[in-house]
Amino acid sequence: MTDKQLLSMAQKASLNAYVPYSHFPVGAALECSDGTVYTGCNIENAAFGSTICAERTACCKAVSEGHHDFVRIAIFADSENWATPCGACRQFLAEFSPDMEVLCTKAGGKYVSYRLSDLLPQRFNF
Ligand code: THU
């Protein structure tokens, strides 16, 4: 799967975002080591702290289906700023694959690639 294909899956997933409060849809597409892809969107809640980000939705779907080894995640948001994963999502993904690749988009279809270990050095672990 190419970066563009994974990004396109993330974009499609953002169409299912439930965002009545922020009006900021995000989509994610998480590629597992065996090639399986799980998508996710952000799901907001009236109790704002109960909101789940697109990345964690995808990760929960993957882990609940028995996948723990991730290669890449694409994150889509039609945003002025780069759609990088929030701190909680970095820690959540790093639990499973701390060195995975993270593709981040911004408006206009541009994307950049990071290593999760660069986005979250010295992740918490014990
Ligand atoms: N959001 C994500 O889905 N992923 C991130 O990495 C950052 C933020 C969502 C949460 C909330 O629904 C909206 O974007 C605004 O914060």
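Everything below is about the structure printed above this text.
What counts, and where the lines are drawn
Residues numbered from 1 in each chain as written. Predicted model: local features only at pLDDT ≥ 70, side-chain atom pairs only at ≥ 80, totals over all residues. Heavy atoms only, no water. Core = buried A, V, L, I, M, F, W, Y, C linked by side-chain atoms within 4.5 Å. Buried < 20%, exposed > 50% of the residue type's maximum accessible area, 1.4 Å probe, protein only. Helix = DSSP H or I, 4+ residues; strand = E, 2+ residues; numbered from the N terminus. Contact = heavy atoms within 4.5 Å. Salt bridge = Lys/Arg side-chain N within 4 Å of Asp/Glu carboxyl O. Pairing = 2+ DSSP bridges. Axes fitted to C-alpha atoms, helices over the stretch in contact; angles between N-to-C directions.

Q: Go over the nonpolar core with me, naming the residues and quoting the values.
A: Within the largest apolar cluster, 21 residues are counted, with the highest numbers of intra-cluster contacts made by Leu30, Phe70, Ile73, Leu93, Met100, Val102 and Leu116. When contributions to this core are tallied by element, the ones reaching two or more residues are strand E1 (27–32), helix H2 (54–64), strand E3 (70–76), helix H3 (87–94), strand E4 (101–106) and helix H4 (116–119). Looking at this core element by element, the count peaks at 4 residues for H2. The residues contacting Met100, other than those within four sequence positions of it, are Leu30, Phe70, Val71, Arg72, Ile73, Leu93, Tyr114, Arg115 and Leu116. Within the second largest apolar cluster, 8 residues are counted, among which are Leu6, Leu7, Ala10 and Ala29.

Q: Describe the pattern of salt bridges, naming the residues involved and giving the relevant values.
A: Summed over the entire model, instances satisfying the criterion amount to 2 salt bridges. For Arg72, the salt bridge goes to Asp3, with nearest N and O atoms at 2.6 Å. Of this pair, Arg72 sits in strand E3 while Asp3 sits in helix H1 (residues 3–14), and the two are 69 residues apart along the sequence. Each member of the pair, Arg72 as well as Asp3, is classed as buried. For Glu31, the salt bridge identified is with Arg72, shortest N-O distance 2.8 Å. Linking Glu31 in strand E1 with Arg72 in strand E3, this pair joins segments that are 41 residues apart in sequence. Taken as a pair, Glu31 and Arg72 share a single burial class, namely buried. Because the salt bridges share partners, they merge into one network encompassing Asp3, Glu31 and Arg72.

Q: Let's hear about H2: which residues, and what values?
A: Among all positions in H2, only Ala54, Glu55, Arg56, Thr57, Ala58, Cys59 and Ala62 are buried. Contacts from the buried residues of H2 go to E1, strand E2 (37–41), E3 and H3. Phi turns positive, to about 95°, at Gly66, one or two residues after H2.

Q: Quick rundown of the sheet that holds E4? Include the residues and the values.
A: Strand order in the open sheet formed by 5 strands is E2-E1-E3-E4-E5, and the pairing between neighbours is mixed. Edge strands, defined here as strands with exactly one partner in the open sheet, are E2 and strand E5 (110–115). On average, adjacent strands in this sheet sit at an angle of 15° to one another, irrespective of strand direction. Inspection of the sheet shows E1 paired to E3 by 6 bridges, in the antiparallel sense. Directly across from Ala29, in E3, lies its bridge partner Ala74. Contacting E1, E2, E3, E4 and E5, H1 crosses the sheet at an angle of about 55° to E3.

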